[in-house]
Amino acid sequence: MKITEKLLAAEREDRLWWSFEFFPPRTAQGMTNLVDRIERMRRLGPEFVDITWHSGGRTAELTTELVKTCQASIGVETCMHLTCTGMPREKVINALEEAKKNGCTNVLALRGDPPRGQTEWYPHPNGFTYAADLVRHIRQEYGDYFEVAVAGFPEGNLQYKHSSDKDNEIQYLKEKVDAGADLIMTQMFYDVDNFIDWCNKVREAGVTVPIVPGIMPIQTWNGFQKAVQMAQTKVPQDWMDQLEAVKEDDAKVREVGTKLVSDMCRKILDANVGIRGLHLYTMNLERGPKMILQELNLIPQTQILNPLPWRPSLTPTRRAENIRPIFWANRQKSYLSRTEMWDEFPNGRWGDSRSPAYGEIDGWGPTINFKLDEAREIWGEPLKYDDVCNLFSRFCLNDLKALPWSDQPPARETSVIDRQLAMMNKIGFFTINSQPAVNGARSDDPVHGWGPKGGYVYQKAYLEFFVSPDNLDKLISRIELNPMMTYYAVNRRGDLRTNTHSEGPNAVTWGVFPGKEIVQPTIVEAVSFMAWKDEAFELGYQWSDIYEKGSTSQQLIKDIMDSHFLVNVVHNDFKNGQDIFKPFLDEIANESAIKDTTKN
């Protein structure tokens, strides 16, 4: 979705919006940590993020990889920077093709700064001289596929040496817009009066495209000083007085800086210049932007964070995807990789189960997303069956940060059923996925909500777990007493047991929204369950392999994977969802009775 379309939607809904900028770090570990940070900061509700491009394309591969990750896995609309500096035309073309391939429809076209170590800027002999040239090229080659943003300089472009150039900066900006630019993203500034005056002059020049103000949080005194010096940004004297007074205390600098920047943002939003949003230069840091949003009382809306109960992917083949099997709920990246080659994806649901490629694990296979030492630190060294029970139980109670099947803590809605899940795990039902029943929660409900505002959402209670054959037999005998409960159970060899006679999908999540058909985004069905079981057991074996070969811990977990069944249970009466736990509670009561008899 193009940025201007998102801004128009926010205007129609009479809400403010915000966005973040990130840059590719220099190391592989830095990239991993940044992806984790963007994942967390997505929960702050940005309309989009943009990813910088170093002059000469030094970070070209990192930039395009980060754009791909944001679009596909994190599911946040992304704008890719693209500069003229040191870029031959073929490099520009390759960058644009990669962006299009990854579903990125937004580009920030920049001339760029001189290469590091140079003071003069020279065009590449086979490249573009000005940002306007780059805009024209994009329009000529791609029509309106890309939305093109350009830079605006409220305090003048530093590259203009002559006063006449500085005076003509707004005219140069208009030339970029006339070449086909759709919006303006500004350089950082702290002089709000100058910014508002500049906006008025831009409008007087006949430029009507949206202006997106670039906001730089004040995170530390040294960082503030460096940013101001590099950009030669004007700082009001009263700001300097307040910040210098606390410059020895970084926490205080951040506190004072947050208040100053937030007050500036309020003035921008209250000014009559048509601006209803803020673009925050994060410097790849989390706390500063979050503090500004909190100070401004900007709270993410459910329809932005959760348009579906799972995180949508924004790549071209998946933008229309609105149904997924629930089994991969905790493994987004694995699901995307696993289904990439399924035939005719999407075909109205989420893939064609008749495809010979359906369900194949890719060449890399599923992986536990923790290094060896970290995994051992999280899960310790279980020596007996009860130790495994305790690990799963602790995870359900949010006392363990991850399981091999889920590298994130339990979802917020798990708190509704966490005690029941903990009790199940204590007696050997190792839960790896679940959802509580929901009967008509508002779509903006902070725990269960998803989708457009003004709607209502529903869920059937669902459980997925590993269990021993003996406990499975006892469980099935109890499940079959309740005609509203359906199950699938499969062991590592693929022996399937079920009481479901329909081959069609069972919708376990749905929503009712104004002006739309009923949306059924999460399903259970046999074919996809059988595809998932290979991955589920493989992750268990990988868990065992973090321990020394032949050790008690390794053998314990391997024995569990060799002998246990993977089971999913759906309680189809969403009005009485707590009933899904009755067979397990009966088993708990039965075990307690046996123990009491033994004691007597």
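Whatever comes next refers back to the structure up there.
This report concerns the structure included in the present document.

Rules used throughout
In this convention, every chain numbers its residues from 1, walking through the sequence in written order. Since the coordinates come from a predicted model, pLDDT governs what is reported: local features require at least 70, and pairs of side-chain atoms require 80 or more to be given and counted, while whole-chain, interface and lining totals use all residues. Hydrogen atoms and water are omitted, and side-chain values are computed over all heavy atoms in the structure. What makes two strands pair is DSSP finding at least two bridges between them. Where helices and strands are cited, they refer to DSSP runs of H or I of at least four residues and of E of at least two residues respectively, numbered from the N terminus. Only protein chains enter the accessibility calculation, which uses a 1.4 Å probe; a residue whose area is less than 20% of its type maximum is buried, one above 50% is exposed, and one in between is partly exposed. Within this analysis, the arc is defined by the directions that extend from the helix axis to the C-beta atoms. Note on definitions: a residue-residue contact is assigned when non-hydrogen atoms from the two residues lie within 4.5 Å. To define a nonpolar core, start from buried Ala, Val, Leu, Ile, Met, Phe, Trp, Tyr and Cys residues and group those joined through side-chain atoms within 4.5 Å. In this scheme Phe, Tyr and Trp rings, the latter by its six-membered ring, pair at centre separations within 6.5 Å, and the angle between planes marks the pair as stacked below 30 degrees, edge-to-face above 60, and tilted otherwise. Helix span is expected to be 1.5 Å times the residue number reduced by one. What is called the bend at a residue is the angle between a pair of axes, fitted to the seven residues leading up to and ending at it and to the seven starting from it. Salt bridges, as used here, are contacts in which a Lys or Arg side-chain nitrogen is within 4 Å of a carboxyl oxygen on Asp or Glu.

The strand order across the open sheet built from 9 strands is β7-β6-β5-β4-β3-β2-β1-β9-β8, with neighbouring strands paired in parallel fashion. The open sheet has two edge strands with one neighbour each: β7 (211-212) and β8 (214-215). Taken together, the 4 bridges between strand β5 (residues 147-152) and strand β6 (residues 183-186) define a ladder with parallel strand orientation. Residue pairing for β6: G152 is matched across the bridge by T186.

Take helix α10 (residues 237-244) next. Looking at α10, one finds that the buried residues are W239, M240 and L243. Buried residues in α10, looked at end-on, bunch into an arc of 95 degrees, giving them a common side. The inward-facing, buried residues of α10 abut α9 (221-231) and α11 (250-270).

Next up on the list: the nonpolar core. The biggest cluster of nonpolar side chains holds 87 residues, and the ones touching the most others in it are I184 and Y190. Per-element accounting of this core gives the leading share, 8 residues, to α11. Not counting the four nearest positions on each side in its chain, I184 is found in contact with V150, A151, G152, L173, V177, W198, V202, V207, V209, P210, I211 and V212. The next biggest cluster of nonpolar side chains, apart from the first, holds 43 residues, and it includes F327, L391, I432 and L566.

Here we come to the environment of H54. Looking at the secondary structure, you find H54 in the loop between β2 (49-51) and α3 (60-74). The class for H54 is partly exposed, based on a relative accessible area of 23%. For the pair formed by H54 and H81, sequence separation is 27 residues and the distance between their alpha carbons is 8.7 Å.

Counted by the stated rule, this structure contains 29 aromatic pairs. Here Y190 and F224 contribute two aromatic rings whose centre-to-centre distance is 5.7 Å and whose plane-to-plane angle is 55 degrees, an arrangement assigned as tilted. Taken together, the positions of Y190 in the loop between β6 and α8 (192-204) and F224 in helix α9 put the pair 34 residues apart, joining distant regions of the chain. The exposure classification of Y190 matches that of F224, with both residues buried. Centre to centre, the rings of Y458 and W510 are 5.7 Å apart; their planes meet at 5 degrees, and the pair counts as stacked. Placement of Y458 in strand β13 (residues 456-459) and of W510 in strand β17 (residues 506-512) is noted, with a sequence separation of 52 residues between them.

Attention now moves to helix α19 (residues 526-544). Between its first and last C-alpha atoms α19 spans 27 Å; for 19 residues at 1.5 Å apiece the expected length is 27 Å, and the two agree. Largest kink in α19: about 25 degrees, centred on W532. Counting buried residues in α19 gives 14 out of 19 residues, a clear majority hidden from the surface.

Okay, the sheet that holds strand β18 (residues 519-524) next. Within a sheet, adjacent strands bond to each other through the backbone by hydrogen bonds, running parallel or antiparallel. Read from one edge of the open sheet, 5 strands run β10-β18-β17-β13-β12, paired in mixed fashion. Each edge of the open sheet carries a strand with a single partner, namely β10 (324-325) and β12 (438-442). Taken together, the 4 bridges between β12 and β13 define a ladder with antiparallel strand orientation. Bridged to V438 within β13 is Q459.

Moving on: the pattern of salt bridges. Taken as a whole and judged by the stated rule, the model has 27 salt bridges. In this structure, E13 and R15 form a salt bridge, with 2.6 Å as the shortest nitrogen-oxygen distance. Among the residues examined, E13 registers a relative accessible area of 32% and is labelled partly exposed. D444 is the partner of R442 in a salt bridge, and the nearest nitrogen-oxygen pair spans 3.1 Å. It is possible to trace a salt-bridge network through shared partners that takes in K6, E13, R15 and E47.

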